[in-house]
Amino acid sequence: MRATRLVMGMPVTVEIADDCEDSLTDEIFAYFDAVDRRFSTYKAESEISAINRGEVASADFSKAMQEVLALAATTCVETGGYFDARTPRGDLDPSGIVKGWAIRNAAAMLHDSGCRNFYVDAGGDIQSSGVNDAGNPWQVGIRNPFDARQVVKVIAPSGRGVATSGTYVRGQHIYNPHAPGTAIEDIVSLTVIGPDVLEADRFATAAFAMGADGISFIATRPELEGYLIRRDGRATMTRGFDAYVVRA
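Every chain's residues receive numbers from 1 upward, in the order its sequence appears when written. Local features in a predicted model are, by the rule used here, given only for residues with pLDDT of at least 70; side-chain atom pairs are given and counted only at 80 or more, and totals for whole chains, interfaces and linings are based on all residues. By convention in this description, side-chain values take in all heavy atoms of the structure and omit both hydrogens and water.

K.L.:
Got a minute to help me understand the pairing of strand β7 (residues 161-166) in this structure?
P.N.:
Sheet faces and side chains relate simply in a regular strand, where the side chains alternate between the two faces. Whether a residue is buried, partly exposed or exposed follows from its accessible area with a 1.4 Å probe, protein chains only, as a fraction of its type maximum: under 20%, in between, or over 50%, in that order. Secondary structure counts use DSSP, requiring at least four H or I residues in a row for a helix and at least two E residues in a row for a strand, with both numbered from the N terminus. In terms of burial, β7 is a largely internal element, five of the six residues being buried. Strands are treated as partners if at least two bridges between them are detected by DSSP. Note that strand β4 (residues 125-129) and β7 share two bridges and pair antiparallel. The partner of I126 across the bridge, within β7, is V162.

What follows is the structure in structure tokens.
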């Protein structure tokens, strides 16, 4: 059972290899839609937009909002300020952490419903579990940032989360909070493998903001592995990343 829909401004794919209820995919997509309606800074009626307009007191933030903002604050500390849920103009925008958080929660919903073999992909950030329909481990391709028709590596995450940050699709949408007016031009892609997709996503965003030094930061965290591609095409990976590569 596989379905892809446009949610949160990106393609979201849910594939379930188990014999689960057909309605389960509808529940997952409904969840992603609810996340978008709460956290989208592009929707005037969203909670985050109301917060930025000063219409909601912090004591009245939803439980989901409090959880995400707490995760953002923790990530800011853990990354030396390279992750910041506030934009340069001061508005709250936790989108750098919401996607991984939502995918992790969707995967938990599938697991709680009895599914053990599934794959959730939202805009290239992925959480998989078990095996695919053919009984083989799920595989994830890392796109060539200079040619979207090519894949530079294929990895088997073995139930871990995978997230990629880059500028080759959406342009300069990630900024360095320590130098907000400076574009990140030395790297184009950074893929992170983490214990789950939330951990991979939040650290991929922060490490990309560090530029070429981001791969060194990933290497300092034993629970993470990373693969960085520089603008000149050179690639650097952490010591343990190669153990996940099934095709180069």
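Once you've had a look at it, read on.
K.L.:
Would you mind going over helix α5 (residues 197-209) with me for this structure?
P.N.:
Because each turn of an α-helix spans 3.6 residues, side chains separated by three or four positions in sequence point in the same direction. Here α5 contains 13 residues, and its C-alpha end-to-end distance of 18 Å stays within 8% of the 18 Å for a straight helix at 1.5 Å per residue. A large share of α5 lies buried, amounting to 13 of its 13 residues. Identification of polar contacts relies on pairs of N or O atoms within 3.5 Å, with a donor-acceptor requirement for protein atoms, meaning one able to donate a hydrogen and the other able to accept it, and with residues adjacent in sequence counted only if both atoms are side-chain atoms. The N-terminus of α5 is capped by D196, whose side-chain oxygen sits 3.0 Å from the backbone nitrogen of L198. Following α5 by one or two positions, G211 has its phi on the positive side, about 75°. Multiplying one less than the number of residues by 1.5 Å gives the expected span of a helix.

K.L.:
Is there a simple way to explain helix α3 (residues 63-78) in this structure?
P.N.:
Given a rise of 1.5 Å per residue, 16 residues ought to cover 22 Å, and the 23 Å separating the end C-alpha atoms of α3 matches this to within 8%. Every buried residue of α3 is listed here: A64, M65, V68, L69, L71, A72 and T75. Seen along its axis, α3 keeps its buried residues to an arc of 155°; they face one direction. Opposite the buried face of α3, at more than 90 degrees from it, the exposed residues are K63 and V77. Once α3 ends, the next one or two residues include G80, with phi positive near 65°. It is the directions from the helix axis to the C-beta atoms that the arc portrays.

K.L.:
What is the right way to look at the packing of aromatic side chains in this model?
P.N.:
The geometry of an aromatic ring pair comes down to the distance between the two centres and the angle between the two planes. Note on ring pairs: Phe, Tyr and Trp rings are taken, using the six-membered ring of Trp, and paired if centres are within 6.5 Å. Classes follow the plane angle, with under 30 degrees stacked, over 60 edge-to-face and the rest tilted. Per the stated rule, a full pass over the model turns up five aromatic pairs. With centroids separated by 5.6 Å and ring planes inclined at 70°, the aromatic side chains of F39 and W101 adopt a geometry described as edge-to-face. With F39 in helix α1 (residues 23-39) and W101 in helix α4 (residues 95-112), the pair connects residues that are 62 residues apart, well separated along the chain. As far as burial versus exposure is concerned, F39 and W101 are alike and both buried. Arranged with centres 6.1 Å apart and planes meeting at 45°, the rings of F203 and F217 form a pair that is tilted. Of the two residues, F203 sits in helix α5 while F217 sits in helix α6 (residues 214-219), which places them 14 residues apart along the sequence. Residues F203 and F217 agree in their burial class; the two are buried.

K.L.:
Got a minute to help me understand the side chain of E225 in this structure?
P.N.:
Counting through the fold element by element, E225 comes out in strand β9 (residues 225-230). When charges are counted, Lys and Arg are positive and Asp and Glu negative, with His and the chain ends excluded. The rule for a salt bridge is simple: a side-chain nitrogen of Lys or Arg has to be within 4 Å of a carboxyl oxygen of Asp or Glu. Within the buried set, E225 has no salt-bridge partner at all; the shortest N-O distance to an opposite charge, 6.1 Å, is to R160. Within the structure, the side chain of E225 is placed 3.1 Å from the backbone nitrogen of G240, a separation counted as a polar contact. Look past the residues within four positions of E225 in its chain and what remains in contact with it is T191, V192, I193, I218, T238, R239, G240, F241 and Y244. Only heavy atoms matter for contacts: two residues are in contact if any of them lie within 4.5 Å across the pair.

K.L.:
Looking at this structure, I do not really get a negative patch on the surface. What am I missing?
P.N.:
Every patch collects residues that have over 30% relative accessible area and no salt bridge, joining them within 9 Å if they carry like charges and within 5 Å if they are nonpolar side chains (Val, Leu, Ile, Met, Phe, Trp, Tyr). Working definition of accessibility: Shrake-Rupley area with a 1.4 Å probe, residue cover restricted to the visible protein chains. Charge positions come from single atoms, namely NZ of Lys, CZ of Arg, CG of Asp or CD of Glu. Taken together, the side chains of D19, E21, D22 and E27 define an acidic patch exposed on the protein surface. Mapped onto the elements of the fold, D22 is located in the loop between β2 (10-16) and α1.

K.L.:
I'm lost on the environment of S189 in this one. Help?
P.N.:
Note on placement: S189 falls in strand β8 (residues 187-194). A C-alpha to C-alpha distance of 14 Å links S189 and S216, two positions 27 residues apart in sequence.

Function cannot be inferred from these measures alone, as they are strictly geometric.
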